[in-house]
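Chain and residue survey
This is what each chain is made of:
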Amino acid sequence: RGGLELLDSAGENIGYVVRTLPEASNVIGYSGPTDSLLVFDENDEVVGLSIRRSYDTPSHVEDVQIDYLFMKTFNGKSWEEISAIEDLREAKIWAVSGASRTSEAVANGVITRLAAADGREVKRAFQFGWRDALLLCFWGGGCAFAFVRSKRLQKWRGLFFILTIGGVGIWLGDLIAQSLVIGWIETRIPWEATPGLVVLVLGAFVVPWFSRQPVYCQFVCPHGNLQRLIVKWTPSKWKRSLNDDGKWVARFAPPMLLAVVLIVSFKQLDFDLAGIEPFDAYLLTSAGTATIVIAVVGLLLSFVFPMAYCRFGCPTGWLLEFIRRRGGKDRFSWRDAVGCGLLLLALTLHQWPIVAA
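Just so you know, these numbers come straight off a predicted model, no measurement behind them.

Focus: the overall build of the protein
Helix and strand counts for the protein stand at 17 helices and four strands. In terms of overall dimensions, the protein is globule-like: its C-alpha atoms have a radius of gyration of 23 Å, near the 21 Å expected for 357 residues. Its C-alpha atoms give the protein principal-axis dimensions of about 75 × 50 × 35 Å. Burial status across the protein gives 46% buried among its 357 residues. Total accessible area on the protein stands at roughly 18700 Å², and carbon and sulfur atoms take up 61% of it. Between the mean site of the 36 positive side-chain charges and the mean site of the 34 negative ones, the protein shows a separation of 20 Å.

Focus: helix α9 (residues 195-211)
In this model α9 runs 23 Å from its N-terminal to its C-terminal C-alpha over 17 residues, within 8% of the 24 Å that 1.5 Å per residue would give. Where α9 bends most, the angle comes to about 35 degrees, and this point is G203. Residues P195, G196, L197, V198, L200, V201, G203, A204 and P208 constitute the buried set of α9. Among the structural elements, α4 (100-117), α5 (130-147), α8 (178-186), α10 (215-220) and α16 (315-322) are those in contact with the buried residues of α9.

A look at the environment of S103
Mapped onto the elements, S103 comes out in helix α4. Classification of S103 by relative accessible area gives buried; the value is 0%. Spatially, the C-alpha atom of S103 lies 12 Å from that of K72, the residues being 31 residues apart in sequence. Setting aside chain neighbours within four positions, we find S103 in contact with V64, F70, A95 and V96.

A closer look at the packing of α16 against helix α17 (residues 334-351)
Packing of α16 against α17 brings their axes to within 11 Å, and their N-to-C directions diverge by 110 degrees. With respect to α17, the axis of α16 lies roughly perpendicular. When you trace α16 past α17, the crossing you get is left-handed. Touching W318, E321 and F322 of α16 are W334, R335, D336, V338, G339 and L342, all from α17.

Some words on the pattern of salt bridges
Applying the stated criterion to the full structure yields nine salt bridges. The partner of D35 in a salt bridge is R52, and the shortest N-O contact between them spans 3.0 Å. Taken together, the residues span a long stretch of sequence, with D35 in strand β3 (residues 34-41) and R52 in strand β4 (residues 46-54) at a distance of 17 residues. For R324, the salt bridge identified is with E321, shortest N-O distance 2.9 Å. Taken together, the shared-partner salt bridges connect R1, D44 and E80 into one network.

Observations concerning a nonpolar patch on the surface
Together, F126, F128, I189, W191, L202, V206, W209 and F210 make up a nonpolar patch on the protein surface, roughly 880 Å² of accessible area in all. Structurally, the position occupied by W209 is in helix α9. Note on W209: relative accessible area 45%, which makes it partly exposed.

Digging into the side chain of Q178
Looking at the secondary structure, you find Q178 in helix α8. With relative accessibility at 4%, the residue Q178 sits in the buried group. If near-sequence neighbours (up to four positions away) are discounted, Q178 is found in contact with L258, V261, E277, P315, T316 and L319.

Let's talk about helix α7 (residues 157-172)
Residue T164 marks the point of greatest curvature in α7, where the axis turns by about 25 degrees. Within the span of α7, buried status applies to F160, F161, T164, I165, G167, V168, G169 and L172.

As for the nonpolar core
Core analysis: the largest hydrophobic core is formed by 34 residues, its most contacted members being W139, I176, L197, L200, Y216, V220 and F279. For this core, the elements supplying multiple residues, two or more each, are α5, α7, α8, α9 and α10. With six residues, α5 is the largest single contributor of residues to this core. Leaving out residues up to four positions away in the same chain, L197 has contacts with Y30, R101, D132, L135, D174, L180 and W184. Grouped together as the second largest cluster of nonpolar side chains are 24 residues, M71, I82, I85 and I111 included.

About the criteria used
- Residues numbered from 1 in each chain as written.
- Predicted model: local features only at pLDDT ≥ 70, side-chain atom pairs only at ≥ 80, totals over all residues.
- Heavy atoms only, no water.
- Helix = DSSP H or I, 4+ residues; strand = E, 2+ residues; numbered from the N terminus.
- Rg over C-alpha atoms; globule rule 2.2 N^0.38 Å.
- Buried < 20%, exposed > 50% of the residue type's maximum accessible area, 1.4 Å probe, protein only.
- Areas by Shrake-Rupley, 256 points an atom, 1.4 Å probe, with all protein chains shown as cover.
- Lys, Arg positive; Asp, Glu negative; His and termini not counted.
- Charge placed at Lys NZ, Arg CZ, Asp CG, Glu CD.
- Expected span 1.5 Å × (residues − 1).
- Bend = angle between axes of the 7 residues up to and from the residue.
- Contact = heavy atoms within 4.5 Å.
- Axes fitted to C-alpha atoms, helices over the stretch in contact; angles between N-to-C directions.
- Parallel < 35°, antiparallel > 145°, perpendicular 65-115°, else oblique.
- Left-handed = near helix turned anticlockwise from the far one by under 90°.
- Salt bridge = Lys/Arg side-chain N within 4 Å of Asp/Glu carboxyl O.
- Patch = residues over 30% accessible without salt bridge, like charges linked within 9 Å, V, L, I, M, F, W, Y side chains within 5 Å.
- Core = buried A, V, L, I, M, F, W, Y, C linked by side-chain atoms within 4.5 Å.

Structure (structure tokens):
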């Protein structure tokens, strides 16, 4: 079965232990696979599950680890019972609130690992659920506001912004972030498990390239839309603009954060990339301190400096703006110079990798 026998001090067999990777490496959660450890007793029944290491978003993994009920989901079940599971809901295996994709990946990883030892390949069917449908509706709405110039439609823009904040942000929590993008790059794109999120991410990068319309940043991103509402409701006398020196310094903050992302990824450092952006703050039950601080500070600054975070702090927004096609009048700009610098940094890190212990 590819595991290890557990012996007591007298050398007697008291159980068996297996880990889920590499057999379950294709089971992706929010941004990566998880290596779990499953322990069986002498009767071949599960007595414990723990997460050995995860390539998923650390804050989501922590939420799964501290969920007492979920971590005991498989307790008392035999190897054969678990490997035969085909549907989590039918088996009454419930996801962890705020970390549903990560917890489902942990459960599916365990099932995949045990089934593989029995010579059975678990084929993950294409899953299109209500979350995917809702994300596509929001993406379609954003495209409509971007490309349809009807005044009758545009007057509903404010309501749409409020819906994205509540729907995409607080309810679904599926915002595009560096932790998500890097996780998919390092592992794979989970198109069969989260098709709606995949379409949203691909659309956010591809559509601006061909249309020059930053659909995601201008219409779908909950954090950007919340700042737009703040700008709309803030008295004009409160608003200020940065001087030229301040703008020069602030404009380099996002690419510096992208440099941090590259270093963390190439060096495989134990660092939560979700903590450099505010997007996980919309997952109210699982947000980390760093991401909450960034979200709150960015929103407060928007009362004085309109769209402060989007303009001067968002690495994901900077990347989406960088790939946006601008027509035939483009010339080599400071953004291109910074992009070349980031490429040089990536090549350097790739040429001389140092894997963290």
